[in-house]
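Architecture at a glance
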Amino acid sequence: ETGVTQTPRHLVMGMTNKKSLKCEQHLGHNAMYWYKQSAKKPLELMFVYNFKEQTENNSVPSRFSPECPNSSHLFLHLHTLQPEDSALYLCASSQDHGDRAFFGQGTRLTVV
Amino acid sequence: TQLLEQSPQFLSIQEGENLTVYCNSSSVFSSLQWYRQEPGEGPVLLVTVVTGGEVKKLKRLTFQFGDARKDSSLHITAAQPGDTGLYLCAGAGGSQGNLIFGKGTKLSVKP
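Residues numbered from 1 in each chain as written. Chains lettered and ligands numbered in written order. Predicted model: local features only at pLDDT ≥ 70, side-chain atom pairs only at ≥ 80, totals over all residues. Heavy atoms only, no water.

1. Here's the deal with the state of the cysteines
One way to say it: the disulfide is the covalent bond shared by the sulfur atoms of two cysteines. Enumeration over the complete set of coordinates arrives at 2 disulfides over all chains. A sulfur-sulfur distance of 2.0 Å marks the disulfide that ties Cys23(B) to Cys89(B). On the sign convention where negative means left-handed, the S-S torsion of about 80° between Cys23(B) and Cys89(B) marks this disulfide as right-handed. Placement of the pair is Cys23(B) in strand β3 (residues 19-24) and Cys89(B) in strand β9 (residues 85-92), with a sequence separation of 66 residues. A single burial state applies to Cys23(B) and to Cys89(B), both of which are buried. Cys68(A) takes part in no disulfide bond, and the closest cysteine sulfur to it belongs to Cys91(A), at a distance of 9.1 Å. For Cys68(A), a relative accessible area of 12% puts it in the buried group. (Disulfide = S-S within 2.5 Å. Helix = DSSP H or I, 4+ residues; strand = E, 2+ residues; numbered from the N terminus. Buried < 20%, exposed > 50% of the residue type's maximum accessible area, 1.4 Å probe, protein only.)

2. Description of the interface of chain B and chain A
On the side of chain A, 19 residues touch chain B, which itself brings 19 residues to the contact. The junction of chain B with chain A conceals about 1,500 Å² of combined surface from both sides, 54% of it contributed by carbon and sulfur atoms. Of all residues in chain B, Pro43(B), Asn98(B) and Phe101(B) give up the largest surface area on contact with chain A, accounting jointly for 28% of the area buried on that side. Between the two partners, chain B and chain A, sit 1 salt bridge. (Contact = heavy atoms within 4.5 Å. Buried area = accessible area lost by both parts, 1.4 Å probe. Salt bridge = Lys/Arg side-chain N within 4 Å of Asp/Glu carboxyl O.)

Take a look at the structure:
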């Protein structure tokens, strides 16, 4: 238990579906992140939120839409995804931006 | 572009053997973290090293930060099947303040 909780753990969705991934942290951290982890690739940073403000979008396609309503919650809204978007999506938080990260267990997403 | 190179990429050993994995860069980092990730789970932080030359021990795991803070090593003594996983290093102080992750070393310890 790292203090970062992600739901759902597994998600299968069609290319025309809309779904959302949820992340919650109880660590009082100020920064939250979304990462994508595909087979045989390093962790890819997608989005960074610092004090609820998005500070980075690493050229992520618009079919991924993040939302950070408060410093404890982070969402990733998904729509019209492609099969190549299938991956493990990891949420992380850190005390401040760039500090050591604490990860959730991830959501294993399969796009069919 | 700051990069962290991890080696070896894959390692398969028998229980009881010792091993060392490496994390190298041409860039200086303010600190470096090591994580272990099991299949289907998120990475779990093992240790943070901050000072050049620092050595930290966590039971059978020994972590060292290079004097110049550009590289690090993880040594495991008498490996056990429970050590199996993906070992990731991450450097702090990267561009735009983000952590820079290596590709990882996938370790398999066979009983």
